[in-house]
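# Residue-level structure breakdown
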Amino acid sequence: MSVRILVVDDHAVVRRGIRSLLESTEGWEVCGEATTGRDAVEQCRRLRPDIVVMDLSLPDLNGLEATRQILKASPETEVLALTMHHSEELTRDVLQAGARGYVLKSDASEDLIAAVDSLRQHKPFLTSAVTEFVLGDYLQRREGADDLAPAALTPREREIVQLVAEGHSSKEAAVRLGLSVKTIETHRANIMKKLHLRSVSDVVRYAIRNKIAEP
């Protein structure tokens, strides 16, 4: 069965390795590559791939926000998170964003083909360490634990936090997001108030701590 795959990673060597591994399976085609989350969203709208193999640590727009936007624009596309990060909070956020696969880069040589094949059949695939956490979290909630609180920031606010953390001015953020400078400034003020932050340095620390931006 043919499968069209978009590979998203900001490192050329990693993209080449993933492409080589995926295209070793007959009928699987890497139809495109993207280096930023925003580029991935645009390519998904244009190419309509069956599966997106998505790094989470990306410039401009991180993989988590890109996943949300991709699945909103192309609900039939499956997203597989391929990341070096293994944290319960990040795993939870990725699954809540709609991704149905999560593989650690350290396990890619063993799990990537199986993960893509599973998503091709619209079945979830989680690396073993993640499966253990997800099952434990599910059982804990079944026993009556409170549902997790929603994220403090909206998707648009998280986009702006990443751009601020990466050093972009309000004018640059406005151009990238297609908004007015005044709207960006309003968002920034709301973010600072909501998170009780006082400076851009505080925003940067928050973004790094919450895996919105890379240090």
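Below is a short write-up of the structure. A quick note: this is a predicted structure, and the numbers were derived from the prediction, not measured.

### Looking at the nonpolar core
Core analysis: the biggest nonpolar cluster contains 23 residues, and V8, V52, M54, I70 and V94 have the highest contact counts within it. Contributions of two or more residues to this core are made by β1 (3–8), α2 (37–47), β3 (51–54), α3 (63–73), β4 (78–83), α4 (88–97) and β5 (101–104). Sort the elements by how many residues they give to this core and α3 lands first, with four residues. When near neighbours in sequence (up to four residues on either side) are disregarded, M54 contacts V8, A40, G63, A66, T67, I70, V79, L80, A81 and L82.

### Concerning the packing of α3 against α4
Angle between the axes and distance between the axes: these two values describe a pair of packed helices. Contact geometry for α3 and α4: axes closest at 9 Å, N-to-C directions at 15°. Taken together, the axes of α3 and α4 are roughly parallel relative to one another. The handedness of the crossing between α3 and α4 comes out as right-handed. Residues L64, T67, R68 and L71 of α3 form the contact with α4, whose own contacting residues are D93, V94 and A97. Here the contact of α3 with α4 is built from residues that sort into four nonpolar, one polar and two charged.

### Quick notes on the side chain of T36
In this structure, T36 sits in the loop between β2 (28–34) and α2. The buried category is assigned to T36, whose relative accessible area is 17%. A polar contact is formed between the side chain of T36 and the backbone nitrogen of D39, at a distance of 3.0 Å. If sequence neighbours within four positions are ignored, T36 has contacts with V8, L58, P59, D60 and L61.

### What about the environment of R16?
Assignment of secondary structure puts R16 in helix α1 (residues 12–22). Considering only alpha carbons, one finds R16 and E33, 17 residues apart in sequence, at a separation of 9.6 Å.

### Some remarks on the sheet that holds β5
The six strands lie next to each other as β2-β1-β3-β4-β5-β6, forming an open sheet whose pairing is parallel. Of all strands in the sheet, those bounded by a partner on one side alone are β2 and β6 (125–126). In this structure, β5 lies alongside β6, joined through two bridges in parallel fashion. Looking at β6, one finds that Y102 is bridged to L126. Where helix α5 (residues 108–120) meets the sheet, it contacts β1, β2, β3, β4, β5 and β6, and its direction lies at approximately 170° from that of β4.

### What about the packing of helix α7 (residues 155–165) against helix α8 (residues 170–177)?
Axis separation between α7 and α8 bottoms out at 10 Å; the angle between their running directions is 135°. For the element pair α7 / α8, the angle class is oblique. When the axes of α7 and α8 are compared, the crossing they make is right-handed. Contacts from R156, E159, I160 and L163 in α7 reach A173, R176 and L177 in α8.

### Some details on unusual backbone geometry
A positive phi is found at D60, a non-glycine position, where the angle reads about 75°. By the secondary structure assignment, D60 is in the loop between β3 and α3. Of note, the phi angle at H122 is positive, near 60°, even though the residue is not glycine. By the element assignment, H122 lies in the loop between α5 and β6.

### Concerning α1
For α1, the complete set of buried residues consists of R15, I18 and L22. All buried residues of α1 fall inside an arc of 65° around its axis, so they share one side. In α1, the exposed positions that point more than 90 degrees away from the buried face belong to V13, R16 and S20.

### Quick word on the pairing of β4
Looking along a regular strand, one sees the side chains alternate between the two faces of the sheet. Along β4, six of the six residues are buried, which leaves the element largely enclosed by surrounding structure. Residues of β4 alternate between two faces, with E78, L80 and L82 on one and V79, A81 and T83 on the opposite face, all of them buried. With α3 bridging β3 and its parallel neighbour β4, the resulting β-α-β unit is right-handed. Of the pairings in the sheet, the one linking β4 to β5 comprises four bridges and is parallel in character. For T83, the partnering residue across the bridge sits in β5 and is L104. Crossover β4 to β5 through α4 is right-handed.

Each value, and the rule that gives it
- The residue numbering used here restarts from 1 in each chain and proceeds along that chain's sequence as written.
- Only residues with pLDDT of at least 70 are given local features in this predicted model, and only at 80 or more are side-chain atom pairs given and counted; all residues enter the totals for whole chains, interfaces and linings.
- Only heavy atoms go into the side-chain values, all of them from the structure, while hydrogens and water stay out.
- We define a nonpolar core as any set of buried Ala, Val, Leu, Ile, Met, Phe, Trp, Tyr and Cys residues linked to one another through side-chain atoms lying within 4.5 Å.
- Here the term buried applies to any residue with accessible area under 20% of the maximum for its type, exposed to any over 50%, and partly exposed to those in between, with areas from a 1.4 Å probe on protein chains only.
- To qualify as a helix, a DSSP run of H or I must reach at least 4 residues; to qualify as a strand, a run of E must reach at least 2; elements of each kind are numbered from the N terminus.
- The contact criterion used is simple: two residues touch if any of their non-hydrogen atoms lie within 4.5 Å.
- All axes here are fitted lines through C-alpha atoms, helices being fitted over the stretch that makes contact, and every angle between N-to-C directions spans 0 to 180 degrees.
- Angles below 35 degrees are treated as roughly parallel, those above 145 as roughly antiparallel, those between 65 and 115 as roughly perpendicular, and all remaining angles as oblique.
- Should the near helix be turned anticlockwise from the far one by less than a right angle, the crossing is termed left-handed; should it be turned clockwise, right-handed.
- Gly falls in the polar group here, along with every residue not listed as nonpolar (Ala, Val, Leu, Ile, Met, Phe, Trp, Tyr, Cys, Pro) or charged (Asp, Glu, Lys, Arg).
- Counted as a polar contact is a pair of N or O atoms within 3.5 Å, where, for protein atoms, one must be capable of donating a hydrogen and the other of accepting one, and residues adjacent in sequence contribute only when both atoms are in side chains.
- The criterion for strand pairing is that DSSP finds at least two bridges linking the strands in question.
- Here the arc refers to the set of directions running from the helix axis out to each C-beta atom.
- The handedness of a crossover follows from its direction of travel: if, with the strands pointing away from the viewer, the path from the first strand over the helix to the second runs clockwise, the crossover is right-handed.

The quantities given are spatial measurements derived from coordinates; they are silent on function.
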